[in-house]
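# Geometric and topological summary
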Amino acid sequence: MTKDNSIRQAGISRRYFLQVTGAGLVTATALGATGLKARAEAYGKFTWISPRGTLEVLDDYPYWAAKKAGYFDGLDTDMQPGPSDGTATVKFVDVGQADMGFPSPGVFSFAIQNGMKLKSVFHMGARDTFSIAFRKGEGSNDLKKLEGKTILLGSAAWQSITDPLLAAQGVDIKKVKYVEAGWPTWGTALAGGQGDAALSWEGLRAEWIAKGLDFEYWLGVEHSKLPANTFVVRSADLEDADKKAFLEKYLRGWAMGLEFGYQNPRAAVEAVFEQFPTLAKNLGPELGTTSILQQINVFRGDMDKRGGWGSHDMASWQGFFDEIHKIGQITNPVKAEDVCTNDLIPAANDFDKAKVKADADGVKLSEGFAALDVEKIKAHLFDSAVK
């Protein structure tokens, strides 16, 4: 396949976003029969939608670990992959086809820009998960060297992620070219010599190694102060007492799953692998554990300075909104406290941490996982960073 046939020039604009909004909706049937029906009490079945177009990844390990451990306590929950269009995770929530989305800050900003009444209620990514991948020997920690170069994206919507990331590092984003190389093929395109760099993120680095994609990375977790992906809901749901109570209980399940994964990352990987045998076969115990450790570093952040799992650092969010206003990604200034809230965080973190630790420690690991040296893996988590 030639370069011209396999990838196409990508750019994102409000016009593009609205075109996708109009043409990209999936019917309620695709999300389950309850998608657009009036919910009986609070939500009925509560639907969370992925930003990736797939659930067969380790990124959502807190949910699968919590579900296996019974931490959702009888709540009727559903996980949906959604389409691979990067903006679907906010569009579906906005129109009631899902109840919670997991957008990057950039995609969340497009929701705000286009008048979607959404609010961030649980900030998963305490550190910036995003990175820039380079072919071996071609990377640099000075991202200004990307001016005049081409960056590959899996979705055109991801430009809303890369633009502020680059701008915050002093890059003139008008001098950077983006190419939409498709999901899940943009990493393969980089390895094949197309483009100069590609957007990546923590956890995915290990998954790419499993696919034979061995890159070096400028790592956001080391160099960026911007926030990462977050859970968003309709703002109106926070004004409904029953729905707010449901959300607190639901997010408590996620928080307990996060704590479980922190206490026993190998057991959390096994919970995901039990759900997705193909993923287990493709990754195996060592790369699976490597992937989850990368993500735990992002999700946990500096917990001593946080209000618990999911707590927003408003200064980081305000810095992001100021940056995207400066580069024209949003037309009006945004105050972080208007679109992000920590109101649900105390209740979400109100659980017995000692019990969760005991649950995690009590898991009998399979032979392959039991043989792993977690501390050794941690020591090499950033070996692929640009030196």
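Please read these numbers as outputs of a predicted model, since none were measured by experiment.

Scoring rules and cut-offs
Residues numbered from 1 in each chain as written. Predicted model: local features only at pLDDT ≥ 70, side-chain atom pairs only at ≥ 80, totals over all residues. Heavy atoms only, no water. Helix = DSSP H or I, 4+ residues; strand = E, 2+ residues; numbered from the N terminus. Buried < 20%, exposed > 50% of the residue type's maximum accessible area, 1.4 Å probe, protein only. Contact = heavy atoms within 4.5 Å. Areas by Shrake-Rupley, 256 points an atom, 1.4 Å probe, with all protein chains shown as cover. Pairing = 2+ DSSP bridges. Expected span 1.5 Å × (residues − 1).

### As for the overall build of the chain
- If you tally the helices and strands in the chain, you get 19 helices and 11 strands.
- Counting only residues that meet the buried cut, the chain has 58% of its 387 residues in that class.
- In the chain, of all internal contacts separated by at least 6 residues, the share reaching a separation of at least 24 is 84%.
- With the model as given, the accessible surface of the chain reaches about 15900 Å², and the carbon-plus-sulfur share is 49%.

### Some remarks on the pairing of strand β10 (residues 215-219)
- Within β10, five of the five residues are buried, which leaves it mostly tucked inside the rest of the structure.
- Here β10 shows two buried faces, one formed by Phe 215, Tyr 217 and Leu 219 and the other by Glu 216 and Trp 218.
- Relative to β10, strand β6 (residues 130-135) runs antiparallel, the two sharing five bridges. Note that in β10 the partner of Ser 131 across the bridge is Leu 219.

### Some details on helix α14 (residues 314-326)
- Over its 13 residues, α14 extends 18 Å from the first C-alpha to the last, a length consistent with the 18 Å expected when each residue adds 1.5 Å.
- Within α14, the full set of buried residues consists of Met 314, Ser 316, Trp 317, Phe 320, Phe 321, Glu 323 and Ile 324.
- Residues of α14 that are buried make contact with α6 (105-113), α7 (159-167) and α15 (336-339).
- Taken from the residues just after α14, Gly 328 is the one with a positive phi, measuring 85 degrees.

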